[in-house]
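Examination of the molecular architecture
Each chain, letter by letter, is given below.
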Amino acid sequence: MRYHSRKRSVAPKSIGQAVALLSVSALLFSMIQGVILFHTDNTSNDEYDEYELARKESFGFFDNYPQADWKRAQEIHAKVFPNHYSNDMTQYSSVVDKTEYSRAERLKKPYLIAKGQIYDVRDSNWWNAENFQVEFHCPLAQRIPADSSGDGPKWVCDPHRLRNDSNDNKKSCLVYSFGSNGKTEFEKGIKDEIGDHCEIHTFDGVTYNKRNGNFAEKLQGIAEFHPWFLGTEEEGKQQKKGHKTLAQTMEELGHSGRTIDIFKIDCEWCEWFTFDTWLEQDIRQILVETHNAPMPQARNFFHQLHDAGFVIFSKEANYQNGGGGVEFAFLKLTTDFFINGSMYNATKQL
């Protein structure tokens, strides 16, 4: 009886120990597995979060911009805001009334008084010095072409990001160049620095001059030439000869809905009267030479581009005309990039 009694008392104790041991083993395995999974997930999130903010707020353009640096860039931008020295931007400006005058008058008399239309026009070098400075820095911005003269090249934000990568993954690259004057340096530079996959279209209502000859022939094999000016909304409605709006241009070329990666424009004052049509399209970089500073057009130009997400990453005076013209370069970001209320509409600056 003692033997059987001792046998019965030992068996349950051994089973209990075995169950306990199995439970502890399962618990330890679960904990180890959890630690491994947590470490893996946490590492993955750290790697993703490192660049996610910049990627998200740049429409995927910056894929290796660390989060800490991006937040610092946001702070720098916010400190610059509002990006003009005085709220009274009529000071030093080329003042223009509300009457829109013709392209011919703008081209022939940009620095003269046109009675009834321009009542005070003067050089804008002081205005350009006081207002709208660089507010964002592209890490590897490049002047294209790098070996050209003072007037003609444009600063492009990190052009290498538009190249096809080493795995030959094809990237879209659409470039519009308004204002040619028969020059080809910029278009050639884009092909050299980014690649032949870039689709380049050059526009000018003038098709020939003695210095450069036939524009279309000069651009052959580099870009496709189109003989028209960029028109205002009103010129588009009137179907003015030799003028097309940006929307009409894109529709005619079968580009409606496409992203324009680089929009380069030098159109001798048309920038002040057509910029609102640029904002209707998906443009990622705007490279524009501004001429003088008519008010209120100049103020509206910079404020509205900014509030649409465009930040100034380059500002280069045209020294050959005394600083009255300036080469500005803008990059489009999402407006989430703008912190601390750094929006002109939000601050009622317009």
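Rules used in this analysis
Residues numbered from 1 in each chain as written. Predicted model: local features only at pLDDT ≥ 70, side-chain atom pairs only at ≥ 80, totals over all residues. Heavy atoms only, no water. Helix = DSSP H or I, 4+ residues; strand = E, 2+ residues; numbered from the N terminus. Buried < 20%, exposed > 50% of the residue type's maximum accessible area, 1.4 Å probe, protein only. Contact = heavy atoms within 4.5 Å. Disulfide = S-S within 2.5 Å. Axes fitted to C-alpha atoms, helices over the stretch in contact; angles between N-to-C directions. Parallel < 35°, antiparallel > 145°, perpendicular 65-115°, else oblique. Left-handed = near helix turned anticlockwise from the far one by under 90°. Nonpolar A, V, L, I, M, F, W, Y, C, P; charged D, E, K, R; others polar. 1 Å grid on protein atoms, 1.4 Å probe; cavity = no way out; pocket = protein on both sides within 12 Å on 5 of 7 lines; lining within 4 Å. Points joined across faces, edges and corners; volume = space filled by probe spheres on them. pLDDT = per-residue confidence, 0-100. Pairing = 2+ DSSP bridges.

**Re the overall build of the protein chain**
- Along the backbone of the protein chain there are 10 helices and 15 strands.
- Out of the 350 residues belonging to the protein chain, those deemed buried represent 45%.
- Put simply, 66% of the contacts in the protein chain that link residues at least 6 apart link residues at least 24 apart.

**Comments concerning the state of the cysteines**
- For the coordinates displayed, the defined rule picks out 3 disulfides.
- Through a disulfide, cysteine 138 is tied to cysteine 157; the S-S separation comes to 2.1 Å. Because the torsion about its S-S bond is -105°, the bridge between cysteine 138 and cysteine 157 counts as left-handed. Of this pair, cysteine 138 sits in the loop between α4 (125-130) and β2 (142-144) while cysteine 157 sits in the loop between β3 (154-156) and β4 (174-178); the two residues are 19 residues apart in sequence, bridging distant segments of the chain. Per residue, the accessibility class of cysteine 138 equals that of cysteine 157, and both read buried.
- When the cysteines engaged in disulfides are numbered in sequence order, the protein chain pairs them as 1-2, 3-4, 5-6.

**Here's the deal with the packing of helix α9 (residues 271-278) against helix α10 (residues 297-307)**
- Where α9 contacts α10, the two axes come as close as 9 Å, and the packing angle between them is 25°. One element, α9, and the other, α10, form an angle in the roughly parallel class. Note that α9 runs across α10; the crossing there is left-handed. Taken together, the residues of α10 that come into contact with α9 (itself represented by Glu271, Trp272, Phe273, Phe275 and Trp278) are Gln297, Ala298, Asn300, Phe301, Phe302, Gln304 and Leu305.
- For the contact of α9 with α10, the class distribution of residues is 8 nonpolar, 3 polar and 1 charged.

**Observations concerning the layout of surface pockets**
- Reported here for the largest pocket is a volume of approximately 620 Å³.
- At the level of elements, α3 (103-108), α5 (185-193), β9 (229-230) and β12 (285-291) are the ones that each hand at least two residues to the lining of the largest pocket.
- Take the lining of the largest pocket: its biggest share by element is 3 residues, from α5.
- Tallied by class, the residues present in the lining of the largest pocket amount to 11 nonpolar, 8 polar and 12 charged.
- The volume enclosed by the second largest pocket comes to roughly 370 Å³.

**Description of the confidence of the model for the protein chain**
- Per-chain confidence: the protein chain averages 84 in pLDDT, with 76% of residues scoring 70 or above.
- Considering only residues more than four positions removed or in separate chains, one finds that residues 35-44, a stretch of pLDDT under 50, has 0 contacts.
- Confidence drops under a pLDDT of 50 for residues 110-119, and excluding neighbours within four residues, the segment shows 24 contacts in the predicted structure.

**Things to note about the sheet that holds strand β15 (residues 325-332)**
- The 7 strands lie next to each other as β8-β5-β4-β11-β12-β15-β14, forming an open sheet whose pairing is mixed. Both outer strands of the open sheet, β8 (224-226) and β14 (310-317), are each paired with one neighbouring strand and no more. Shown here is a sheet whose adjacent strand axes are inclined to one another by a mean of 20°, direction ignored.
- Taken together, the 5 bridges between β4 and strand β5 (residues 199-203) define a ladder with parallel strand orientation. In the sheet register, leucine 174 faces β5, and the bridge partner there is glutamate 199.

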